[in-house]
Amino acid sequence: MNKILTIIVSYNFEPWIERCLQSLQQSSTPVDVVVIDNASHDDTVQRIRDSYSWVELIESERNLGFGRANNIGMEVAIRRGYEAVLLLNQDAWVAPGTIEALSDLSNSHPEYGILSPTHLTGKGDKPDPGFSRYIRHLSSDKNEELRDIPFVNAACWFIPRRTLQVVGGFSPLFYHYGEDKDYINRLVFHRLKIGYLPHVTICHDREYRPYEYARFMRTEMVYHLSEYANINYCVIKAFALGPLACLKKALIHTLRGKKKGIDYFKMTVSLIGQTCSILAVRRQTKQATHNFLKTATP
């Protein structure tokens, strides 16, 4: 049986803390749990101290973002000899047999760098809409235990130790959003696969909000940043899909008299300004090692 560390990055975790942590206690495969708290403003820290003494709590004095906080948990896992980590969103909870199934398939399929269960809504009555978009065609074959997919968001990733040794942790280029896309790009470069288990589930109680301009532009920024950093592309292609693609959108929207034109110009300048850092990260992540993790592999 694998020794597994579940890593939860928390920020105002209270609404989901009971469902999330209790689901891990009820897992058919025992797991250790570490919560990296990103300077919550609610009573997350005190509740974990008072009611969940079996959870290891690491408090950050500031919000490190999703990727850097998860990297802390990955460093703990490597240092202590865990065979795998489970990254679990604070607003998600697992079915009792989920972690066991992920662990068993990871052991029998070492070609997979990440495995994920099927994501249901918080009510558990239907597939999560975002997950459905990533998967495109959900499996209805009750005998299908594993399916290849090009991408799955990091609400629940089972990552074996061997992946951490080859791909490493999340890139510091990304603060919040885009980290998972970048990680999977790197996974693909190192010839590892992504899979999901059709009949193993988690519930993901994320909030769906109407269109907001600021959020849309932030999504555009991290998308083009992930394209610029994508080591599966040569530098010229990456530049074309990053800054040049933004510049094209800037020109189109400016000619149409749209506000987006100015924002895409700013995005272009920002991406070009990060070129030295992006090129350095591209060189680093092509190396098969524990990138961005401070603890060396024993």
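Higher on the page you've got the structure.
A brief report on the enclosed structure follows.

Cut-offs applied
Residues numbered from 1 in each chain as written. Predicted model: local features only at pLDDT ≥ 70, side-chain atom pairs only at ≥ 80, totals over all residues. Heavy atoms only, no water. Helix = DSSP H or I, 4+ residues; strand = E, 2+ residues; numbered from the N terminus. Buried < 20%, exposed > 50% of the residue type's maximum accessible area, 1.4 Å probe, protein only. Lys, Arg positive; Asp, Glu negative; His and termini not counted. Salt bridge = Lys/Arg side-chain N within 4 Å of Asp/Glu carboxyl O. Contact = heavy atoms within 4.5 Å. Core = buried A, V, L, I, M, F, W, Y, C linked by side-chain atoms within 4.5 Å. Arc of directions from axis to C-beta. Axes fitted to C-alpha atoms, helices over the stretch in contact; angles between N-to-C directions. Parallel < 35°, antiparallel > 145°, perpendicular 65-115°, else oblique. Nonpolar A, V, L, I, M, F, W, Y, C, P; charged D, E, K, R; others polar. Polar contact = N/O pair within 3.5 Å; in protein donor to acceptor, adjacent residues only side chain to side chain. Phe/Tyr/Trp six-rings, centres within 6.5 Å; stacked < 30°, edge-to-face > 60°. Lys NZ or Arg CZ within 6 Å of the ring centre and 35° of its normal.

### Comments concerning the side chain of D91
Reasoning step 1: Tracing the backbone through its elements, the reader meets D91 in the loop between β4 (84–88) and β5 (92–94).
Reasoning step 2: Here D91 is buried and forms no salt bridge, its nearest opposite-charge partner R206 lying at an N-O distance of 6.7 Å.
Reasoning step 3: Non-local contacts of D91, meaning those with residues more than four positions away in its chain, are made with W16, C203, H204, D205 and R206.

### Description of the nonpolar core
Reasoning step 1: Residues W157, I159 and Y183 are the most contacted members of the largest nonpolar core, which totals 34 residues.
Reasoning step 2: Those elements that place two or more of their residues in this core are β1 (4–10), β2 (32–37), α3 (66–80), β4, α5 (129–135), β8 (156–160), α7 (179–189) and β9 (193–204).
Reasoning step 3: Those residues in contact with Y183 that sit more than four places away from it in its chain are I114, W157, I159, T163, L164, V167, G168, G169 and F170.
Reasoning step 4: If you look at the next biggest cluster of nonpolar residues, it comprises 33 residues, including C20, V31, I99 and F158.

### Topic: unusual backbone geometry
Reasoning step 1: Of note in this structure, A39 is not a glycine but carries a positive phi near 60 degrees.
Reasoning step 2: Within the fold, A39 resides in the loop between β2 and α2 (44–51).
Reasoning step 3: Assessed through its relative accessible area of 21%, A39 is described here as partly exposed.
Reasoning step 4: With a phi angle near 60 degrees, R191 is a residue other than glycine that sits in the positive phi range.
Reasoning step 5: Residue class for R191 comes out exposed when judged on its relative accessible area of 77%.

### Re helix α11 (residues 275–285)
Reasoning step 1: Within α11, the full set of buried residues consists of T275, I278, V281, R282 and T285. Buried residues along α11 cover an arc of 130 degrees about the axis, so they all sit on one side. With respect to the buried face of α11, the exposed residues turned more than 90 degrees away are C276 and R283.
Reasoning step 2: Those residues of α11 hidden inside the fold are in contact with α7, α8 (213–228), α9 (235–255) and α10 (260–273).

### Here's the deal with the packing of α8 against α9
Reasoning step 1: As a packed pair, α8 and α9 sit with axes 6 Å apart at the nearest point and diverge in direction by 150 degrees. When the interaxial angle is binned, α8 and α9 end up roughly antiparallel. Contacts between α8 and α9 pair E220, H224, E227 and Y228 from the former with A238, F239, L241, G242, P243, A245, C246 and K249 from the latter.
Reasoning step 2: Its residues assigned to classes, the contact of α8 with α9 comprises 7 nonpolar, 2 polar and 3 charged.

### Looking at the environment of S116
Reasoning step 1: The topology assignment puts S116 in strand β6 (residues 112–121).
Reasoning step 2: Along the chain, S116 and L197 lie 81 residues apart, while their C-alpha atoms are 6.3 Å from each other.
Reasoning step 3: Setting aside chain neighbours within four positions, we find S116 in contact with L102, F131, V152, C156, G195, Y196 and L197.
Reasoning step 4: Polar side-chain contacts of S116 include one of 3.3 Å to the backbone oxygen of C156.

### As for the packing of aromatic side chains
Reasoning step 1: In the structure shown here, the tally under the stated rule is 7 aromatic pairs.
Reasoning step 2: The interplanar angle of 45 degrees and the centroid separation of 5.7 Å between the aromatic rings of W157 and Y183 together place this pair among those described as tilted. With W157 in strand β8 and Y183 in helix α7, the pair connects residues that are 26 residues apart, well separated along the chain. Across the pair, Y183 and W157 agree in class, each one buried.
Reasoning step 3: Grouping aromatic residues by their ring pairs yields a cluster made of F66, W157, F170 and Y183.
Reasoning step 4: A cation over an aromatic ring shows up here: K3 above the ring of Y82, its NZ or CZ 4.5 Å from the ring centre.

### Concerning the pattern of salt bridges
Between side chains of opposite charge, a pair can form when the charged atoms approach closely.
Reasoning step 1: Applying the stated criterion across every chain yields a total of 11 salt bridges.
Reasoning step 2: Put simply, D148 and K193 hold a salt bridge, and the shortest N to O gap is 3.2 Å. Here the residue D148 occupies a position in strand β7 (residues 147–148), and K193 occupies one in strand β9, the gap between them amounting to 45 residues.
Reasoning step 3: Between K249 and E220 there is a salt bridge, with its nearest N and O atoms 2.7 Å apart. With a gap of 29 residues between them, K249 in helix α9 and E220 in helix α8 connect regions that are remote in the sequence.
Reasoning step 4: Here K249 falls in the partly exposed class, since its relative accessible area comes to 25%.

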